[in-house]
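What follows is the residue order along each chain.
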Amino acid sequence: MRLTIAIDGPAAAGKGTLSRALAAAFGLAHLDTGLIYRAAGRRTLDGTPALEAAQTMTATDLEADDLRTPDVARAASQVAAIPEVRAALVDFQRAFARRSGGSVLDGRDIGTVICPDAEVKFFVTASDDVRAERRFRELLGTGHDVTFESVLADLKERDARDSARAAAPMKPAVDAVVLDTSEMDIDAAVAAAISLVTDRTGCQPVT
Ligand code: DC
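Residues numbered from 1 in each chain as written. Predicted model: local features only at pLDDT ≥ 70, side-chain atom pairs only at ≥ 80, totals over all residues. Heavy atoms only, no water.

J.: Before we go on, may I ask you to explain the packing of aromatic side chains in this structure?
T.: The way to describe two aromatic rings as a pair is by their centre distance and the angle between their planes. Per the counting criterion, the structure on display carries one aromatic pair. Pairing Phe 136 with Phe 148 gives two aromatic rings, centres 6.1 Å apart and planes at 85°, and the pair type is edge-to-face. Residue Phe 136 is found in helix α7 (residues 128-141), and its partner Phe 148 is found in helix α8 (residues 148-164); the two are separated by 12 residues along the sequence. Over the aromatic face of Phe 96 sits the side chain of Arg 99, whose NZ or CZ is 4.0 Å from the ring centroid. (Phe/Tyr/Trp six-rings, centres within 6.5 Å; stacked < 30°, edge-to-face > 60°. Helix = DSSP H or I, 4+ residues; strand = E, 2+ residues; numbered from the N terminus. Lys NZ or Arg CZ within 6 Å of the ring centre and 35° of its normal.)

This is the structure we're talking about:
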């Protein structure tokens, strides 16, 4: 069986950590689709039109070392609201999802638009304060000069834009399992997700 796992949710809810852990546990390839929108958004900050940035994206763009800044996150959310930009990025994501060894993709519209047939879907969430605290610590740890209040405001603004847009808004797929990580440590969330994947698909962890 070719296993596809779709993971969606708002910023800093724990999607990335959960996705990497599931990919490692089941021997699957992992794609952080937020990175694609960040790479497109990053290029718009240099003056490249958004659609051109999406249409001419290369693997090297995804390796830029400044994709995790607050400015790039905001630009990513802005370009992600443009339907033509999203359309230009669909094929790459679907091709990745179909790879023969199976895949985990995380983002905002994976279970709803990119991989509606994924065998297992999660919507990972946490309270605004918990998510902002996590992102605040992460940004401080990577040398960014931010305040908790600015991080919280940025997250709320981005979530509002990502869920209110007309094109592929962030929302749980009807068949997604919602994981609230506000009060759960990551090991507990990963353990819960692994057993759910095994129950649903019969696939056993390889690690
Ligand atoms: O996951 P992230 O925070 O790195 O994503 C950055 C932005 O990209 C996010 O605010 C919205 C957009 N995005 C999207 O619209 N659809 C996806 N599948 C992934 C990210």
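Moving on from the coordinates now.
J.: What is the right way to read the environment of Glu 183 from this model?
T.: Looking at where Glu 183 falls in the secondary structure, it is placed in the loop between β5 (177-180) and α9 (186-201). Each C-alpha atom, one on Glu 183 and one on Ala 126, is 8.2 Å from the other, the two residues being 57 residues apart in sequence.

J.: What is the right way to look at the pairing of strand β4 (residues 120-125) in this model?
T.: For a regular strand, the rule is simple: side chains alternate between the two faces of the sheet. Within β4, six of the six residues are buried, which leaves the element mostly enclosed by the surrounding structure. Bridge count for strand β1 (residues 4-8) against β4 is four bridges, and the pairing is parallel. Considered in β4, the bridge of Ile 5 is made with Val 120. Pairing of β4 with β5, which is carried by four bridges, proceeds in the parallel orientation. Bridge pairing links Phe 123 to Val 178 in β5. (Buried < 20%, exposed > 50% of the residue type's maximum accessible area, 1.4 Å probe, protein only. Pairing = 2+ DSSP bridges.)

J.: Before we go on, may I ask you to explain the packing of helix α2 (residues 33-45) against helix α5 (residues 83-97) in this structure?
T.: Two packed helices can be described by the angle between their axes and the distance between those axes. Running from amino to carboxyl end, α2 crosses α5 at an angle of 135°, the nearest separation of the two axes being 11 Å. Here α2 lies oblique to α5, going by the angle between them. Judged by the sense of rotation from one axis to the other, the crossing of α2 with α5 is right-handed. Taken together, the residues of α5 that come into contact with α2 (itself represented by Thr 33, Ile 36 and Tyr 37) are Val 85, Arg 86, Leu 89, Phe 92 and Gln 93. (Axes fitted to C-alpha atoms, helices over the stretch in contact; angles between N-to-C directions. Parallel < 35°, antiparallel > 145°, perpendicular 65-115°, else oblique. Left-handed = near helix turned anticlockwise from the far one by under 90°. Contact = heavy atoms within 4.5 Å.)

J.: Help me understand α7 in this model?
T.: One turn of the α-helix equals 3.6 residues, which is why residues spaced by three or four share an orientation. If you check α7, its first and last C-alpha atoms are 20 Å apart, about what 14 residues at 1.5 Å a residue would give, namely 20 Å. All of the buried residues in α7 are Arg 131, Ala 132, Arg 135, Phe 136 and Leu 139. Down the axis, α7 shows its buried residues gathered within 135° of arc, on one side only. The exposed set on the far side of α7, more than 90 degrees from its buried face, consists of Arg 137 and Gly 141. Those residues of α7 that are buried are in contact with α2, α4 (70-79) and α8. Gly 143 lies just past α7 and shows a positive phi near 85°. (Expected span 1.5 Å × (residues − 1). Arc of directions from axis to C-beta.)

J.: For this particular structure, what's the right way to read the site of the ligand?
T.: In the region of the ligand, 15 residues are neighbours, and Arg 38, Arg 86, Arg 158, Asp 162 and Arg 165 sit closest. The contact in question runs from an oxygen atom of the ligand to an N or O atom on the side chain of Arg 165, over 2.8 Å. For the ligand, whose free accessible area comes to 450 Å², the fraction covered by protein is 97%. Every element with two or more residues in the shell around the ligand is listed here: α2, α4 and α8. (Near = heavy atom within 4 Å. Polar contact = N/O pair within 3.5 Å; in protein donor to acceptor, adjacent residues only side chain to side chain. Areas by Shrake-Rupley, 256 points an atom, 1.4 Å probe, with all protein chains shown as cover.)

J.: What exactly am I supposed to notice about the environment of Arg 20 here?
T.: With respect to the element layout, Arg 20 can be found in helix α1 (residues 15-26). In this structure, the C-alpha to C-alpha distance between Arg 20 and Asp 106, residues 86 residues apart in sequence, is 9.5 Å.

J.: Got a minute to help me understand α2 in this structure?
T.: A rise of 1.5 Å per residue sets the reference length of α2, with its 13 residues, at 18 Å; its end C-alpha atoms lie 19 Å apart and thus fit the reference within 8%. Listed as buried for α2 are Thr 33, Ile 36, Tyr 37, Arg 38, Ala 39, Ala 40 and Gly 41. The opening residue of α2, the one whose side-chain oxygen lies 3.0 Å from the backbone nitrogen of Gly 34, is Asp 32. One or two residues past the end of α2 sits Gly 47, with phi positive at roughly 100°.

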